[in-house]
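Residues per chain are reported as follows:
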Amino acid sequence: MQLDVFSVFCETADHKGILFYYSGNLSQNVVAAMGDALKLRLEEWGAKGGMARKLFSGFIEMMQNAVQYSPGYPDPSGDKIGTIAISKHYDKHYIVCGNLIKKENIFRIQEKLEALKNMSLEEIKLAYRTQLKNEDHDKDALSKGAGLGFLTLARDSSEPMEYMITDVLDHAELAVFFLKTTI
Amino acid sequence: MNNFYIKATADSPEVNFDFDNHILHIAGEAYPENAVKFFYPIITNLNNYLQATSEREIAVNFHLIYFNSASTKMLHSIFGLLNKNAQSNMNHIVVNWHHDEEDDTVLEFCMELKEDFHWLEFITIGTISAH
């Protein structure tokens, strides 16, 4: 990379209010290390308790979703990869994340997110409470957590979550899943 | 009974169950890669202790500042276990719930537990964060 290109990249990121950006391999160790770095940055920005907590929580839920569910990149190394950014525009913060998913899971993801889009905060909180007490969740073979990830993100988002799914060139079985929350 | 201790890591909390003195302490952050796997030995040890304990004063000192969604589910199960035991073994279980005054999420979770588990006594203790 030419330094002038990099300089423009940095300037653009700064101008667009990007506070935190990562693109690369994903694992629990990477998530924990980034989590520590993010906490320090949140302190530097003077994010207040509730705001800092929601940004940190959103970051962890999205990253752990990516670690748990995204298939490894088919070539060359098979590692899991993903991208995350936190940005600020006036008094709003945005968390955006992109990672690979299997195409066969698109319907399941869409179904969950479309349902959440049409729910009020009260309804989201009620659904969260119901799922928290759901003793049958173990029977959901596809879930690797508590079934609370999207609900937690939706609960903390001040605007309906947005998502987008795009194709992956040369890999018909894969798609890229993008998610955005507002804090 | 052997006391139970787990050291904190970047993504998992410190757990100190002083069974001899009936003081159960958990502090830090909980977002391990696999919450079920992480909490399994905690729940097993806690369960053994509770089975063998009755008509006691038990203090739960809760100092977690962050827990992810999968850990939240496990914590809900733990408090369910305590609640059942308070009733069946006539233990008086007091939960000292420490939380950051500015962080509603931790306090809200306490309120939910309070609603779900009537045999537990919850005392909320707000602290002012450094920033």
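Residues numbered from 1 in each chain as written. Chains lettered and ligands numbered in written order. Predicted model: local features only at pLDDT ≥ 70, side-chain atom pairs only at ≥ 80, totals over all residues.

Draft legend 1. Examining the overall build of chain A more closely. The helix and strand tally for chain A stands at 6 helices and 5 strands. Traced from its N-terminal end to its C-terminal end, chain A shows the element sequence α-β-α-α-β-β-α-α-α-β-β. Taken against the 2.2 N^0.38 rule, which gives 16 Å for 183 residues, the C-alpha radius of gyration of chain A at 17 Å falls within 12% of a compact globule. For chain A, the spread of C-alpha atoms along the principal axes amounts to about 55 × 45 × 30 Å. When contacts within chain A are restricted to residue pairs at least 6 apart in sequence, those whose partners lie at least 24 apart make up 64%. (Helix = DSSP H or I, 4+ residues; strand = E, 2+ residues; numbered from the N terminus. Rg over C-alpha atoms; globule rule 2.2 N^0.38 Å. Contact = placed C-beta atoms within 7 Å.)

Draft legend 2. Here's a closer look at the overall build of chain B. Across its full length, chain B carries 3 helices and 6 strands. Starting at the N terminus and ending at the C terminus, chain B contains elements arranged as β-β-β-α-β-α-β-α-β. For chain B, the C-alpha radius of gyration of 14 Å lies close to 14 Å, the compact-globule estimate for 131 residues. For chain B, the C-alpha atoms occupy an extent of roughly 40 × 25 × 25 Å along the three principal directions. Expressed as a percentage of its 131 residues, the buried residues of chain B come to 34%. (Buried ≥ 20, exposed ≤ 12 C-beta atoms within 10 Å, placed from the backbone.)

Draft legend 3. The environment of N2 of chain B, seen in detail. Its place among the elements puts N2 of chain B in the segment before β1 (4-6). Residues N2 of chain B and F19 of chain B, 17 residues apart in the sequence, show an inter-C-alpha distance of 7.2 Å.

Draft legend 4. Structural view of the interface of chain B and chain A. In this complex, chain B contributes 19 residues to the contact, which on the side of chain A involves 21 residues. Among the secondary structure elements, those contributing two or more residues to the side of chain B that touches chain A are α2 (69-88) and α3 (104-116) of chain B. No other element matches the 5 residues that α2 of chain B contributes to the side of chain B that touches chain A.

Draft legend 5. Representation of the sheet that holds strand β1 (residues 18-25) of chain A in the model. Residue and element names in this part refer to chain A. The sheet built from 5 strands is open, its strands ordered β1-β2-β3-β5-β4 with antiparallel pairing. In this open sheet, the two edge strands, each paired with only one partner strand, are β1 and β4 (162-167). Taking each pair of neighbouring strands and ignoring which way they run, the sheet shows an average axis angle of 15°. (Pairing = 2+ DSSP bridges. Axes fitted to C-alpha atoms, helices over the stretch in contact; angles between N-to-C directions.)

Draft legend 6. Spatial organisation of α2 of chain B. Residues and elements named next belong to chain B. With 20 residues, α2 extends 29 Å between its outermost C-alpha atoms, agreeing within 8% with the 28 Å of an ideal straight helix rising 1.5 Å per residue. Here α2 has its buried residues at S69, A70, S71, T72, K73, H76, F79, L82, N85 and A86. Where α2 ends, the next residue or the one after it, M90, has phi of about 50°, a positive value. (Expected span 1.5 Å × (residues − 1).)

Draft legend 7. Molecular detail of the packing of helix α1 (residues 35-51) of chain B against α2 of chain B. Residue and element names in this part refer to chain B. Remark: α1 packs on α2, axes separated minimally by 10 Å, with the N-to-C direction vectors making an angle of 10°. The pairing of α1 with α2 is recorded here as roughly parallel in orientation. For the pair α1 and α2, the contacting residues are A35, V36, F39, I43, L46, N47 and L50 in the first and A70, S71, M74, S77, I78, L81 and N85 in the second. Residue classes in the contact of α1 with α2 are distributed as 10 nonpolar, 4 polar and no charged. (Parallel < 35°, antiparallel > 145°, perpendicular 65-115°, else oblique. Nonpolar A, V, L, I, M, F, W, Y, C, P; charged D, E, K, R; others polar.)

Draft legend 8. Representation of the environment of M111 of chain B within the structure. Considering the arrangement of structural elements, one finds M111 of chain B in helix α3. Separated by 13 residues in sequence, M111 of chain B and T124 of chain B place their C-alpha atoms 9.5 Å apart.

Draft legend 9. Quick look at the sheet that holds strand β2 (residues 14-18) of chain B. Residues and elements named next belong to chain B. Pairing within the open sheet is mixed, and its 6 strands lie in the order β1-β2-β3-β4-β5-β6. Whereas interior strands pair on both sides, the edge strands pair on one side only; in this sheet they are β1 and β6 (121-127). Neighbour-to-neighbour, the strand axes of this sheet turn through a mean angle of 15°, independent of strand direction. On the sheet, α2 packs against β3 (23-30), β4 (57-67) and β5 (92-100) and is oriented at approximately 170° with respect to β4.

Draft legend 10. Local environment of the pairing of β3 of chain B. Residues and elements named next belong to chain B. Where β2 meets β3, 5 bridges bridge the pair, whose relative direction is antiparallel. Following the sheet pairing, E14 is matched in β3 by A27. Counted along the chain from β2 to the antiparallel partner β3, the turn is 4 residues long, and its residue H22 has a positive phi close to 60°. Pairing geometry for β3 and β4, over 8 bridges, is parallel. Within the sheet, the bridge partner assigned to A30 lies in β4 and is F67. Crossover connection from β3 via α1 to parallel β4: handedness right-handed. (Right-handed = clockwise from strand over helix to strand, strands pointing away.)

Draft legend 11. Broad picture of the environment of L107 of chain B. Residues and elements named next belong to chain B. Tracing the backbone shows L107 in helix α3. Note: C-alpha distance between L107 and D20 (87 residues apart in sequence) is 29 Å. Those residues in contact with L107 that lie beyond four places of it in its chain are H99 and T124.

Draft legend 12. Highlighting the nonpolar core. The biggest cluster of nonpolar side chains holds 49 residues, and the ones touching the most others in it are L55, F56, F59, M62, M63 and I95 of chain A. Per-element accounting of this core gives the leading share, 9 residues, to helix α3 (residues 49-69) of chain A. Discounting residues that sit within four places of it in the chain, I95 of chain A has contacts with L55, G58, F59, M62, I86, T181 and I183 of chain A. L116, Y128 and A146 of chain A together with F39 of chain B belong to the second-largest nonpolar core, a separate cluster that totals 14 residues. (Core = buried A, V, L, I, M, F, W, Y, C linked by C-beta atoms within 7 Å.)

The analysis is restricted to geometry; functional conclusions fall outside its scope.
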